[in-house]
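For reference, the chains in residue letters:
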Amino acid sequence: MLALSTATLVSVRGEIEQSHAALTLLLVVLGGSAGGGRPLGYSLALSGFVVIDYFFQAPYGSLAVGKTLDWVVLVAFLASAFVATELLARARGEAETARKRTEEVASLSRLGSETLRHARADDALEALSALIRSTFSARWCTIRELPDSKNARRWTSAIAAEDPRVTGRMRELEERMTLAASADAVADVHRVALATSDGSVVIDSLVGEDASSRIEAFGLPLFVESRLAGMLIVGGSTQQPIAFAPPRRRFVATISYYAALGLERVRLAREAQDARELREANRAKDEVLATVSHDLRTPLTTIKLLAQAAAARGEAAGASIEEQVDRLADLVTNVLDLSRIRAGGVPLDVALNTAEDVIAAAVSRVQGVLRGRHIVTKVDLDQPALVARFDFVQTLRILVNLIDNALRYAPEDGSVEINAERNGAWVAITVADRGPGVRPEERSRIFDAFYRPRSEVPDAGRAGLGLSIARRLAELQEGTVEYSPRDGGGSLFTLRLPAVDLNSEKFIESSILEAFGT
Amino acid sequence: MKERNTILVIDDEPEIRRLVSAALTEGGACVLQAKTAAEGLRVAAAENPDLFVLDLGLPDQAGIDVCRELRQWTSAPIVVLSARQAEAEKVALLQAGADDYVSKPFGMRELAARIEAQLRRARIPLRESPSVLKIGELTIDLPRRIVRRGSRMIRLTPTEWSILQTLAVNAGRPVTHQDLFNIVWGREFGSPSHYLRVYVTHLRRKIEVNPAEPRIIITEPGVGYRLEP
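Residues numbered from 1 in each chain as written. Chains lettered and ligands numbered in written order. Predicted model: local features only at pLDDT ≥ 70, side-chain atom pairs only at ≥ 80, totals over all residues. Heavy atoms only, no water.

How should the packing of aromatic side chains be read in this particular structure?
How two aromatic rings sit relative to each other is given by the distance of their centres and the angle of their planes. Residue and element names in this part refer to chain A. On inspection of all chains with the given rule, the structure shows 6 aromatic pairs over all chains. Seen from their ring centres, Y483 and F493 are 5.3 Å apart, and the 65 degrees between their planes marks the pair as edge-to-face. Here Y483, found in strand β14 (residues 480-485), pairs with F493, found in strand β15 (residues 491-498); they are 10 residues apart in sequence, far enough to count as distant. One exposure class covers both Y483 and F493, and it is buried. Across from the ring centre of F447, 3.8 Å away, lies the NZ or CZ of R471, which sits over that ring. (Phe/Tyr/Trp six-rings, centres within 6.5 Å; stacked < 30°, edge-to-face > 60°. Helix = DSSP H or I, 4+ residues; strand = E, 2+ residues; numbered from the N terminus. Buried < 20%, exposed > 50% of the residue type's maximum accessible area, 1.4 Å probe, protein only. Lys NZ or Arg CZ within 6 Å of the ring centre and 35° of its normal.)

Explain the pairing of strand β1 (residues 140-145) of chain A here, please?
Within a regular beta strand, the side chains point alternately toward one face of the sheet and then the other, so they alternate between its two faces. Residues and elements named next belong to chain A. Among the 6 residues in β1, 6 count as buried, and that is most of the element. Side chains of β1 alternate between two faces, with W140, T142 and R144 and C141, I143 and E145 buried alike. As judged from the 5 bridges shared by β1 and strand β2 (residues 154-158), these two strands associate in the antiparallel manner. Each residue of the ladder has a partner; that of R144, found in β2, is R154. Pairing geometry for β1 and strand β7 (residues 227-235), over 6 bridges, is antiparallel. Bridge pairing links I143 to L232 in β7. (Pairing = 2+ DSSP bridges.)

Which parts of the structure should I look at to understand the nonpolar core?
One recurring pattern in soluble globular proteins: nonpolar side chains tend to sit buried together. Core analysis: the biggest nonpolar cluster contains 46 residues, and I398, L399, L402, I403, I429, I446 and L495 of chain A have the highest contact counts within it. Considering every element that reaches this core, the biggest residue donor is helix α9 (residues 392-409) of chain A, with 9 residues. Setting aside its immediate chain neighbours within four residues, I398 of chain A contacts A470, L473, A474, Q477, V481 and L495 of chain A. Counting 34 residues, the second-largest nonpolar core is a separate cluster that includes I154, W161, F181 and L203 of chain B. (Core = buried A, V, L, I, M, F, W, Y, C linked by side-chain atoms within 4.5 Å. Contact = heavy atoms within 4.5 Å.)

Mind showing me how you'd approach the confidence of the model for chain B here?
Detailed reading of the predicted coordinates is not advisable wherever pLDDT falls low. For chain B, per-residue confidence averages 87 on the pLDDT scale, and residues scoring 70 or more make up 93% of the total. With pTM at 0.63, the complex prediction returns an ipTM value of 0.87. (pLDDT = per-residue confidence, 0-100.)

What's the story with the pairing of strand β2 (residues 30-34) of chain B in this structure? I'm lost.
Residue and element names in this part refer to chain B. With 5 bridges joining them, strand β1 (residues 6-10) and β2 adopt parallel strand pairing. Paired with V9 across the bridge in β2 is Q33. A crossover links β1 with its parallel partner β2, the connecting element being helix α1 (residues 14-26), and its sense is right-handed. (Right-handed = clockwise from strand over helix to strand, strands pointing away.)

Honestly, the sheet that holds strand β12 (residues 224-227) of chain B in this entry has me stumped. Any pointers?
Working definition: the strands of a sheet are paired by backbone hydrogen bonds and lie parallel or antiparallel to each other. Residues and elements named next belong to chain B. Read across the sheet, 3 strands follow the order β10-β12-β11 without closing on themselves; strand pairing throughout is antiparallel. Each edge of the sheet is formed by a strand with only one pairing partner; in this case those strands are β10 (175-176) and β11 (217-220). For β11 and β12, the ladder comprises 4 bridges, and the chain directions are antiparallel. What sits directly across from T219, in β12, is Y225.

Can you help me understand the environment of I255 of chain A in this one?
Residue and element names in this part refer to chain A. Residue position: I255 is located in helix α6 (residues 246-312). What makes I255 buried here is its relative accessible area of 1%. In this structure, the C-alpha to C-alpha distance between I255 and S107, residues 148 residues apart in sequence, is 9.3 Å. Contact partners of I255, with chain neighbours within four places excluded, come to L108, L111, I132, F136 and L232.

Help me understand the interface of chain A and chain B in this model?
Interface size is commonly expressed as the accessible surface area that is lost when the partners come together. Residue-level contacts link 43 residues of chain A with 37 residues of chain B. Scanning the region where chain A abuts chain B turns up 3 salt bridges. With its nearest N and O atoms 2.7 Å apart, the salt bridge here joins R205 of chain B to E356 of chain A. Counting across the chain A and chain B interface gives 11 residue pairs in polar contact (both at pLDDT 80 or more). Elements that contribute at least two residues to the side of chain A that touches chain B include exactly α6, α7 (317-343), β9 (350-354), α8 (355-365), α9 and α11 (506-516) of chain A. Tallied by class, residues from the side of chain A that touches chain B come to 19 nonpolar, 13 polar and 11 charged. (Salt bridge = Lys/Arg side-chain N within 4 Å of Asp/Glu carboxyl O. Polar contact = N/O pair within 3.5 Å; in protein donor to acceptor, adjacent residues only side chain to side chain. Nonpolar A, V, L, I, M, F, W, Y, C, P; charged D, E, K, R; others polar.)

Looking at this structure, I do not really get unusual backbone geometry. What am I missing?
Apart from glycine, the bulk of residues carry a negative phi angle, and the bulk of peptide bonds sit in the trans form. A cis geometry characterises the amide bond from K104 of chain B onward to P105 of chain B, with omega recorded as -5 degrees. Mapped onto the elements, P105 of chain B comes out in the loop between β5 (100-103) and α5 (108-123). The phi dihedral of E478 of chain A falls on the positive side, at around 65 degrees, and the residue is not glycine. In this fold, E478 of chain A is placed in the loop between α10 (466-476) and β14. With relative accessibility at 63%, the residue E478 of chain A sits in the exposed group. Phi at N48 of chain B is positive, roughly 45 degrees, even though this residue is not glycine. With respect to the helices and strands, the residue N48 of chain B is situated in the loop between α2 (37-47) and β3 (51-55).

In structure tokens, the structure reads:
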């Protein structure tokens, strides 16, 4: 272009002034720097300088400058050409940066939509790794869970995945980078592992400016709520390095969030699946328990009937066999109850009930296991009945368990006292014995399932379930069961149930009307 | 003049069937046995027994259906042997026509007592049922609507009386909460029936010797109440 313009201009040299030539050549320089960037712009500017001097300034065909004015023209040309080239180059640079930004934004939005679009968390990570690989024009990209997590998995997208050398190198770098990046326990979202051109793996920071900009691979630790969840590793090869200049790094930091999100999604999906399986296993277990306990009751009935028949014939063993059968039946009920409570399958029929009704039912139920102990109930009949909101059947279970427990620890021929009183918002039913009490260090544990105080002699009939069941059943009805040492020695168990005031309700009104009216 | 009662025991467990039958025979009853629901229904139709002992875990038919079938043609009491603790099931059984139930593992004394109570109830036709019940010191005079302990009159509210009357008419048989609601408050729209258990507590305080250990009105947990004659 320069030669062509020069030739044209030379042919009409007689009719133009040197400024015309300078302006024309300036145009050529502008064109050149617009198309070819700084280097071409500057070299055209210098060539133009020489061309003007040589062809268009007298003496023609020589580099000697004749007049001072000619110098002015030459310097002005060169300065204009340089300034124009520089300005154009900067504009081009900015345009280029803007274009890259736009590209980054576009690929981020693609990342975002890929992460969300796929119904299965797995597919999302698959797509994500392919997208990241193509964004970096890399040979491979792997998103992986930490190898120490259970059933750790990886999602890889790779060119020439079947080439064992590529895969071998890929795996090797994955391991080294994971090791390097997870070595530091502190969660640093800017940490990055780089495989440099000399083959070594170094730890660098995404916010640093000094790292080498062309690398074989980089690996990012992925954090979810400052917990290291996995790694994102992007690799090229020594022949095809990855451009990793500082502006790129900000972008990399952002994509790591998407990859971390994807991993978190996989983890949550897996947990949901585990929970589902656990629930099903629980239900199956519950069914088995229900069937087994149901099936156990029939042979227990046979044994009990046989034992009673033996006792009727005067055989001493009969009575104790019968007692053991009852204990076994209790145990079966307890195990089934505990399983139901844990599975959340206790049917509740919460209604207005009175404390004295449930206490009386409990006392009548434990008549067979008193073994010489007495039960003393204290209900003040001059006071209005204590009314609370609770499930009668489950509360009966609670009381029977508490009384049964107290009977076990009460001294022989001793007594168990049952009391009920209004206590603020609660109806409190207490079961008290004069047994050894519970040692302070064991008080927090007596309500644990299968816990038995260490001091207790092993006893086949007891599995340590009664108190645990009592407490859980109380909590299901928004009540509580608590232990406290009894004044003067022994244990005091308190069952609290939500009290109901009938004064404010229709009940009193209708009772009064009935009593005085009809 | 006590006549011999015919009792049909329907249970697939041979040992339980044998032991229950032996004990009932010893108690003076004539006992028939059946292994399945089908056999039970056949024997029932042929022999028209005075009482049924029915196991719920029969291999060929659900116990509750056997109850319903029997109820279509006989009013003889049905005492059910249940292996489950579920109260809802007991209520359903009572509504299907069973008169009483015992839970496994039960004792023979318990079962015999229930059977005896049912036979006593069934022997007397409803129209000839005693209009005056005496339970220990307590006298319940149904036609005159009077309750006395010894010679002392006990004053009841209409609701309390209605509950006592319902239980007395069904003496020895569990009456479900629902049945009590229906009979006591049946004609009253929007009745305060959820106070039933409170009313029963008040009633007990008036008629029981020791309300802390009731002997007359027995709570059937999760099911209802039973008046013990």
